[in-house]
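As a plain string of letters, each chain reads:
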Protein chains: 2
Amino acid sequence: MKKISGGVTAAKGFRAAGVHAGLKKRKPDLALILSENLCAAAGCLTQNQIKAAPVLITQKLLKSGRARGILANSGSANCCTGTKGHKTALALQKEAATVCGIKPSELLLASTGTIGKQIPFKTVQKSIPALAGRLSPKGSQKAAEAILTTDLVTKSAAVTVHCGGRAVKIGGIAKGSGMIDPSMATMLAFVTTDAVISSGALRKATRRAVQGSFNNITVDGQMSTNDTVLVLANGAAGNRSLQPGRPGWSAWLKGLQFVMQQLAEQIAQDGEGASALLRVEVRGTGTHAQAHQVAKKIANAPLVKTMVTGRDPNWGRVAATVGASSVRFNPRQLEIRLGGVPVFRNEAPLKVAQKKLKNLFSGKSALIQVRLGSGKGEATVLGCDLTQGYVRINAKYN
Amino acid sequence: MKKISGGVTAAKGFRAAGVHAGLKKRKPDLALILSENLCAAAGCLTQNQIKAAPVLITQKLLKSGRARGILANSGSANCCTGTKGHKTALALQKEAATVCGIKPSELLLASTGTIGKQIPFKTVQKSIPALAGRLSPKGSQKAAEAILTTDLVTKSAAVTVHCGGRAVKIGGIAKGSGMIDPSMATMLAFVTTDAVISSGALRKATRRAVQGSFNNITVDGQMSTNDTVLVLANGAAGNRSLQPGRPGWSAWLKGLQFVMQQLAEQIAQDGEGASALLRVEVRGTGTHAQAHQVAKKIANAPLVKTMVTGRDPNWGRVAATVGASSVRFNPRQLEIRLGGVPVFRNEAPLKVAQKKLKNLFSGKSALIQVRLGSGKGEATVLGCDLTQGYVRINAKYN
């Protein structure tokens, strides 16, 4: 596996573009990703009971396992917008599909931004010809910009993997920042690959890779109404069709998961207002699900997050958070490490030189490790700290 | 029922005091509450699996249903402090009991402050004679000061109720501020009454009143290791012994619950960094427990809290939070009101004049009302907003 540049247009036969369509004040807010031919398509969508219009539309379309492209906007989530919002989404889909010469049902949709805000159809419609006109095999960066909300940086990753002698590319873009606590997928992430793969196998691979990437991050414990991960495979690499257990499958799946992990980590790192990446490792539970639950609870705990903000090794807050979890454990077996150094074991604090303790959390990342017992369950969750910046951003979002 | 002053020493036969014992830099940090005679005693303690030494000791003592007083300190939670911390707690209990001429087993304990920090026995020991010497029937305010941590104000409430011709008093003090999300009780709250009541009936009343008060508040979703609510009834009022269903019971229980609600509201209002009290009312669920779960989720959601901080009526964040709850509902039935004004119904935003919308959240309190369906479950939770102040306090706690 080799890291390459190119993001969502790294794979052969994909073009992308991003333009300003009037949803945001000045910045790009409308993105299009298009394959030269029909792709196998799979996705993971939010588990929130309140789902945005584009999520409901894409959910239906994914049943066919086929798509040509993705139309995505920032600036409005098109959620809680009633029948009108639903109609606007369908009208924009039809408009863009017509301009691109494809069927509306081949164009998947995604939106992000403020909930309850209608997308002004006529305003956005006008930008669609320009958007289609700018489609380019080097358009990943522009598309990545157009899906951002409060993100500070674009998120992009790509790799080449070798599947039975053929070079296959996998690449993607994502946006994150706030309202990030996916339970099945996260905010927006679009991944393309030129692999030959059936839509059934692609669906399986997508689910597995999302489990091992986007589902392990959190910014603020807030599951969005719009979380969308989409994967398109157009077959341009000409490899032998990938199937579980067959040659090339595991190399390709590793590549897919790696790209998603890279995007997920970039999302956690660029969490709203974040000054540090928080890595929480939990082990010793009965199951992976239990370890994951405890790790999420730690990564979402405001007092743990602010302790990282202050680079203050106040591990008691970790103990209190773990104890408040519904995962049962024996307090006598609880062990806590900060920055790799044991600080609590056998129900008592361990002696750590004050100077060393102060340095456990410095720099741009913080590591918290917790052992709850002797079970084989373990999980890692990536999060970020909670800063005055997060409050500033979210108390003045409009 | 009549509101009176006097806090935890409002009831006949109770004295209290607070002194600086060296756990904090300058402020009072050691409190004592003492009854002139043996009381019926009941309490609710944290459900956190990691429990502080004083919680474990008090838990045992409460089995007898009898106590004379409470010794409480701030500045150290005496939690995760191993055998040494446990021994220190017992030694201080013995010391104070001896000075007061009571049995150590009659003195309940409570602590709040940093986790993992040992209480310096010799330093605190020295202050105990002075503490006992200052016990006064007007000592409530001093005791209330001595249990504060990052609280800005003391919390106190008291009432007189009439039980079968006799005036009975109920009063208490509390502290809150951070790590507030009780699941059975909250931080420290001490309530005294001069009612005549058996310890069995007191236990029942305490549990019920805590359900209807402290369990409905949250500051930051962080359940403490030290949550303690203690109620002492010394019988000095000479009423006929209170029993469920008998005369006076419901008047007295209402009084107890009122005092606890007042204290709970004061805790929410003085949440760390809070600039507004948040009141969340949820109805239309199948059960009370479901309504309570959704209301807690809303009151703990960082994006809802920051929307209150910015006085920004961005109700989409409420919809997203409700949708992410594990309580199932039909999105078509979801209704949201802000400040009493309907803003979302039938899956679409309602038209509210922009000016009116801006004013829904002004002032010092914010009301969010959510209806999920036609069930009879309903619940109210009090919380507060999330400010830069909260982050500032918790990123520099030590």
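This one's a predicted model, so the numbers in the text were calculated from it and none came from an experiment.

Help me understand the overall build of chain A, please; the structure alone is not making it clear to me.
From N to C terminus, chain A includes 12 helices and 15 strands. Over its C-alpha trace chain A gives a radius of gyration of 22 Å, about what one expects of a compact globule, namely 21 Å for 398 residues. C-alpha atoms of chain A, sized along the principal axes, occupy 70 × 50 × 35 Å. Put simply, chain A has 398 residues, and 60% of those count as buried. Sequence separation of 24 or more characterises 81% of the internal contacts of chain A that already satisfy a separation of 6 or more.

So what exactly am I meant to see when it comes to the relation of the copies chain B and chain A here?
Rotating chain B by 180° and translating it 0.0 Å along the rotation axis places it on chain A, where the RMSD comes to 0.0 Å. One copy is carried onto the other by what is essentially a two-fold rotation axis. Identified as the residue of chain B closest to the rotation axis by C-alpha distance is B:Gln388, at 2.3 Å. Looking at chain B, 100% of its interface residues are interface residues in chain A too, so the copies touch through the same face.

How do you make sense of the environment of B:Val370 when you look at a structure like this?
Residue and element names in this part refer to chain B. With respect to the helices and strands, Val-370 occurs in strand 14 (residues 365-371). Given the relative accessible area of 2%, Val-370 is considered buried. A sequence separation of 113 residues divides Val-370 from Gln-257, and the C-alpha atoms of the two residues are 25 Å apart. In this structure, Val-370 is in contact with Glu-281, Val-282, Arg-283, Ile-298, Val-318, Val-322, Leu-334, Glu-335 and Ile-336, ignoring residues within four places of it in sequence.

Help me understand the interface of chain B and chain A in this model?
How big an interface is tends to be stated in terms of accessible area lost as the parts join. Counting from both sides, the interface comprises 53 residues of chain B and, opposite them, 53 residues of chain A. When the two sides are added together, the surface that chain B and chain A hide from each other amounts to roughly 4,200 Å², 59% of it contributed by carbon and sulfur. In terms of surface lost to chain A, no three residues of chain B exceed B:Gln49, B:Leu303 and B:Gln388, which account for 17% of the buried area on that side. Applying the counting rule to chain B against chain A returns 0 salt bridges. Taken together, chain B and chain A are joined by 16 residue pairs in polar contact (both at pLDDT 80 or more). For the side of chain B that touches chain A, the per-class residue count stands at 27 nonpolar, 20 polar and 6 charged.

I would appreciate a short explanation of the pairing of strand 11 (residues 335-338) of chain A in the present structure.
Each regular strand displays side chains that alternate between the two surfaces of the sheet. Residues and elements named next belong to chain A. Only one face of strand 11 is buried, namely the one carrying Ile-336 and Leu-338, since none of Glu-335 and Arg-337 on the opposite face is buried. Examined bridge by bridge, strand 11 and strand 14 (residues 365-371) share 4 bridges and lie antiparallel to one another. Across the sheet, residue Glu-335 finds its bridge partner in strand 14, namely Arg-371. Across 3 bridges, the pairing between strand 11 and strand 12 (residues 341-345) is antiparallel. In the sheet register, Leu-338 faces strand 12, and the bridge partner there is Val-341. Here strand 11 folds back onto strand 12, and the loop between the two strands holds 2 residues, one of which, Gly-339, carries a positive phi near 55°.

I'm lost on the environment of B:Arg328 in this one. Help?
Residues and elements named next belong to chain B. Along the polypeptide, Arg-328 turns up in the loop between helix 9 (316-323) and strand 11 (335-338). Given a relative accessible area of 64%, Arg-328 falls into the exposed group. Along the chain, Arg-328 and Thr-285 lie 43 residues apart, while their C-alpha atoms are 9.0 Å from each other.

When you look at the sheet that holds strand 13 (residues 348-349) of chain A in this model, what are you seeing that I'm missing?
Hydrogen bonds between backbone atoms are what pair the strands of a sheet, whose relative direction is either parallel or antiparallel. Residue and element names in this part refer to chain A. Strand order across the open sheet formed by 6 strands is 13-12-11-14-10-15, with mixed pairing between neighbours. The open sheet has two free edges, formed respectively by strand 13 and strand 15 (377-384), since each of these has just one partner strand. Sheet topology places strand 10 (residues 277-285) next to strand 14; 7 bridges connect them, and they run parallel. Paired with Val-282 across the bridge in strand 14 is Val-370. The strands that helix 9 (residues 302-309) touches are strand 10, strand 11, strand 14 and strand 15; relative to strand 14, the one it contacts most, it runs at about 135°.

Got a minute to help me understand the packing of aromatic side chains in this structure?
Two numbers describe a pair of aromatic rings. These are the distance of the centres and the angle of the planes. All names here are of chain A. Under the criterion given, the structure shown has 4 aromatic pairs over all chains. Centre to centre, the rings of Trp-249 and Trp-252 are 6.1 Å apart; their planes meet at 40°, and the pair counts as tilted. Here the residue Trp-249 and the residue Trp-252 both occupy positions in helix 7 (residues 249-269), the gap between them amounting to 3 residues, near one helical turn. Judged by relative accessible area, Trp-249 falls into the buried class, the value being 5%.

Which parts of the structure should I look at to understand the packing of helix 8 (residues 288-300) of chain A against helix 10 (residues 316-323) of chain A?
Residue and element names in this part refer to chain A. Between helix 8 and helix 10, whose axes approach to 9 Å, the crossing angle comes to 135°. Taken together, the axes of helix 8 and helix 10 lie oblique to each other. Considering the relative orientation of helix 8 and helix 10, their crossing is right-handed. Where helix 8 approaches helix 10, its residues Val-294, Lys-297 and Ile-298 are matched on the opposing element by Val-318, Thr-321 and Val-322. Class assignment for the residues of the contact of helix 8 with helix 10 results in 4 nonpolar, 1 polar and 1 charged.

Would you explain the pattern of salt bridges in this entry?
A side chain of one charge can pair with a side chain of the opposite charge when the charged atoms of the two come close. Residues and elements named next belong to chain B. All told, the structure shown has 16 salt bridges over all chains when counted by the stated rule. When the shortest N-O distance is used, the salt bridge between Arg-345 and Glu-335 registers 3.9 Å. With a gap of 10 residues between them, Arg-345 in strand 12 (residues 341-345) and Glu-335 in strand 11 connect regions that are remote in the sequence. Residue classification places Arg-345 among the partly exposed positions, given a relative accessible area of 31%. Taking the relative accessible area as the measure of exposure, Glu-335 reaches 22% and is therefore partly exposed.

What should I look at first to understand the confidence of the model for chain A in this one?
In low-pLDDT segments, the atomic positions of the prediction should not be examined closely. On average, residues of chain A score 90 in pLDDT, and 97% of them reach the 70 mark or higher. Confidence, read as mean pLDDT per element, is least for helix 11 (residues 354-360) of chain A in chain A (76) and greatest for helix 4 (residues 128-133) of chain A (97).

I would appreciate a short explanation of the environment of A:Val322 in the present structure.
As for its position among the elements, A:Val322 is in helix 10. Placed 268 residues apart in sequence, A:Val322 and A:Pro54 show a C-alpha to C-alpha distance of 37 Å. Aside from chain neighbours lying at most four places away, what touches A:Val322 is A:Val294, A:Ile298, A:Phe329, A:Leu334, A:Val370, A:Leu372 and B:Gln49.

Can you walk me through unusual backbone geometry in this structure?
In terms of backbone geometry, most residues other than glycine have negative phi values and most peptide bonds are trans. Of note, B:Arg311 is a non-glycine position whose phi angle comes to about 50°, a positive value. Mapped onto the fold, B:Arg311 is located in the loop between helix 8 (302-309) and helix 9.

Explain the sheet that holds strand 15 (residues 377-384) of chain B to me, please; I cannot follow it from the model alone.
All names here are of chain B. Strands sit in the order 13-12-11-14-10-15 across an open sheet of 6 strands; the sheet is mixed. The outermost strands of the open sheet, each flanked by one partner alone, are strand 13 (348-349) and strand 15. Bridging between strand 10 (residues 277-285) and strand 15 involves 8 bridges; their strand directions are antiparallel. Along strand 15, the bridge assignment pairs Val-282 with Ala-379. Across the sheet, helix 7 (residues 288-300) touches strand 10, strand 14 and strand 15, and the angle it forms with strand 15 is around 25°.

Rules and cut-offs
- Residues numbered from 1 in each chain as written.
- Chains lettered and ligands numbered in written order.
- Predicted model: local features only at pLDDT ≥ 70, side-chain atom pairs only at ≥ 80, totals over all residues.
- Heavy atoms only, no water.
- Helix = DSSP H or I, 4+ residues; strand = E, 2+ residues; numbered from the N terminus.
- Rg over C-alpha atoms; globule rule 2.2 N^0.38 Å.
- Buried < 20%, exposed > 50% of the residue type's maximum accessible area, 1.4 Å probe, protein only.
- Contact = heavy atoms within 4.5 Å.
- Least-squares fit on C-alpha atoms with pLDDT ≥ 70 in both.
- Buried area = accessible area lost by both parts, 1.4 Å probe.
- Salt bridge = Lys/Arg side-chain N within 4 Å of Asp/Glu carboxyl O.
- Polar contact = N/O pair within 3.5 Å; in protein donor to acceptor, adjacent residues only side chain to side chain.
- Nonpolar A, V, L, I, M, F, W, Y, C, P; charged D, E, K, R; others polar.
- Pairing = 2+ DSSP bridges.
- Axes fitted to C-alpha atoms, helices over the stretch in contact; angles between N-to-C directions.
- Phe/Tyr/Trp six-rings, centres within 6.5 Å; stacked < 30°, edge-to-face > 60°.
- Parallel < 35°, antiparallel > 145°, perpendicular 65-115°, else oblique.
- Left-handed = near helix turned anticlockwise from the far one by under 90°.
- pLDDT = per-residue confidence, 0-100.

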